[in-house]
Amino acid sequence: MGKVSSVLSLKHVLVLSLALNVGLISRVLYEAEPRRFCFEEREKRVSLMAESSALEAHVSKKSDDLSSAGVGGTESNYGGDGGAIINLDHGDPTMYERFWQQMGDKTTVVIPGWQYISYFSDMRNLCWFLEPEFAKAVIRLHNVVGNAVTQDCHIVVGTGSTQLFQAVLYALSPSDASEPMSVVSAAPFYSSYPLITDFLKSGLYKWAGDAYKFSKDRPYIELVTSPNNPDGSTRQAVVNRNEGILVHDLAYYWPQYTPIAFPADHDIMLFTVSKSTGHAGTRIGWALVKDEGIAKKMTKYIELNTIGVSKDSQIRAAKILQAVSDNNGRVGNPREGETFFEYGYNLMAKRWKQLREAVNKSGLFSLPEFPPGMCTFSGRAFEPQPAFAWLKCESELEDCESFLRSHKILTRGGKHFGVSPKYVRISMLDRNEKFNLFAERLSRIHS
């Protein structure tokens, strides 16, 4: 009887264990069901972007191979449409590759193994990790283009303008405030502003949304992006209260994108190599800051964050900026006979013409119109031709991002920029073959 009782007890335990496991699995599956479709949607998007990235890597390799062989064009690398995924979600400025390939060794930098070993660049400078050569190149380029006043400004270098943005939030937010400093920007605002601001969940500052809707009677930071990312409009401050501090993001205030009307002269101005010359991979940006105390706090943030900024990247960036500035900005392209800014201007003008023709042919979309302005740098009057197109789906199309994705065109929807999903942001900065394919496909979308 003892043995029978023991067997029965063991059986009972096994049955009970099986029942508990089945119940637990059922509950997990039930609770996961509402999230399953969101996960599948994300996986689908990741899969599409991975496929697109594989194609881009293939195109980039062919472009390098052709360049090495002395062949200029790469338009046929996609081999026709063929249902390829076109990823224009990111502003990756690869359209500049051809210009710099044709410049040959004029911007090549060779750094001996013993050079730039120290953390320190210039201990006499407030920003002690700022390479003097890079600082001189920045000042010279602004003087040549006439897009910013550098006199009486401190230069703070950062690992791209993203790090500088984080540094300026830290510098402007009091450490003893009763609540976090509000950070706002007028919608449509740059999609990364909310993400970067709240990423560390800092107690010093907090994203407070659209500047048009900001009503708190407290100190705030307003981000003014001009020309604006994503819609290309010229921006000014919106809130305009005594307790506000303005940060001007001028990443796109260069003559290939917009007429240079006057030298910008603000308390805090952010710039980046990625959009000025196309060297996004160099990861270098700079801030022009009038207040010494703010510049010191920004420098301290970068010191604590990354113990300075890569000297190798600064030296490379300096060489590139110097090349652009040479001969009063008239550094010639040996094959095309164009200067850098002429190359950028002509290519952007061509692309905007292509895009407007495609939009008109399709009939399903619309684009913003821009008033022309006189450019003091080039001496010509022209309409702004932004680095991003702010496309709107007309008629009954409510989710433009999903609609274009169904046509294998990846974009970034308006909800990421604080506005309606009827809008999408489209990069105008990718390689020729991809942009041409995009314009052709867009023109054929009628429903």
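Remember, predicted model here, so these are calculated numbers, not experimental data. (Residues numbered from 1 in each chain as written. Predicted model: local features only at pLDDT ≥ 70, side-chain atom pairs only at ≥ 80, totals over all residues. Heavy atoms only, no water.)

### Examining the pattern of salt bridges
Piece 1. This model, assessed by the stated rule, comprises 13 salt bridges.
Piece 2. One salt bridge in this structure joins Glu179 and Lys216, with 3.5 Å as the shortest N-O distance. Within this pair, whereas Glu179 is found in the loop between α4 (160-172) and β3 (181-185), its partner Lys216 is found in the loop between β4 (205-210) and β5 (220-225), the two being separated by 37 residues in sequence.
Piece 3. Accessibility expressed as a relative area gives 28% for Glu179, which makes it partly exposed.
Piece 4. Of the charged contacts in the structure, one is a salt bridge between Lys434 and Asp430, with a shortest N-O distance of 3.1 Å. Asp430 carries the same exposure label as Lys434, and that label is buried. (Salt bridge = Lys/Arg side-chain N within 4 Å of Asp/Glu carboxyl O. Helix = DSSP H or I, 4+ residues; strand = E, 2+ residues; numbered from the N terminus. Buried < 20%, exposed > 50% of the residue type's maximum accessible area, 1.4 Å probe, protein only.)

### Considering the state of the cysteines
One way to say it: the disulfide is the covalent bond shared by the sulfur atoms of two cysteines.
Piece 1. Following the criterion strictly, the structure yields one disulfide and no others.
Piece 2. The residue that forms a disulfide with Cys393 is Cys400, at a sulfur-sulfur distance of 2.0 Å. On the sign convention where negative is left-handed, the bridge of Cys393 and Cys400, at about 65° about the S-S bond, is right-handed. Summarising the burial analysis for this pair, Cys393 and Cys400 share the class buried. (Disulfide = S-S within 2.5 Å.)

### Section: α4
Piece 1. Helix length check: α4 (13 residues) gives 19 Å between terminal C-alpha atoms against 18 Å at 1.5 Å per residue, within 8%.
Piece 2. Of the residues making up α4, those classed as buried are Gly160, Ser161, Gln163, Leu164, Phe165, Gln166, Ala167, Val168, Leu169, Ala171 and Leu172. (Expected span 1.5 Å × (residues − 1).)

### A look at the packing of aromatic side chains
Piece 1. Tallying each qualifying case throughout the model produces 27 aromatic pairs.
Piece 2. Seen from their ring centres, Phe340 and Phe341 are 5.3 Å apart, and the 65° between their planes marks the pair as edge-to-face. Each member of the pair, Phe340 together with Phe341, is buried.
Piece 3. Every member of this aromatic cluster is reached through a ring pair, and the members are Tyr96, Phe99, Trp100, Phe134, Trp254, Phe271, Trp286, Phe340, Phe341, Tyr343 and Phe377.
Piece 4. A cation sits over an aromatic face here: Arg380 above Tyr345, 4.0 Å from the ring centre.
Piece 5. The ring of Phe388 is capped by Arg425, whose NZ or CZ atom sits 3.9 Å from the centre of that ring. (Phe/Tyr/Trp six-rings, centres within 6.5 Å; stacked < 30°, edge-to-face > 60°. Lys NZ or Arg CZ within 6 Å of the ring centre and 35° of its normal.)

### Overview of the nonpolar core
Piece 1. One finds Phe134, Trp286, Met298, Leu355, Phe365, Leu404 and Leu442 to be the most contacted residues of the largest nonpolar core, which totals 105 residues.
Piece 2. Here the element with the most residues in this core is helix α9 (residues 340-362); it accounts for 10 residues. (Core = buried A, V, L, I, M, F, W, Y, C linked by side-chain atoms within 4.5 Å.)

### Side note on the side chain of Thr150
Piece 1. Within the element layout of this structure, Thr150 appears in the loop between α3 (132-145) and β2 (154-158).
Piece 2. Among all residues touching Thr150, those that are not within four sequence positions of it are Ile139, His142, Asn143 and Leu288. (Contact = heavy atoms within 4.5 Å.)

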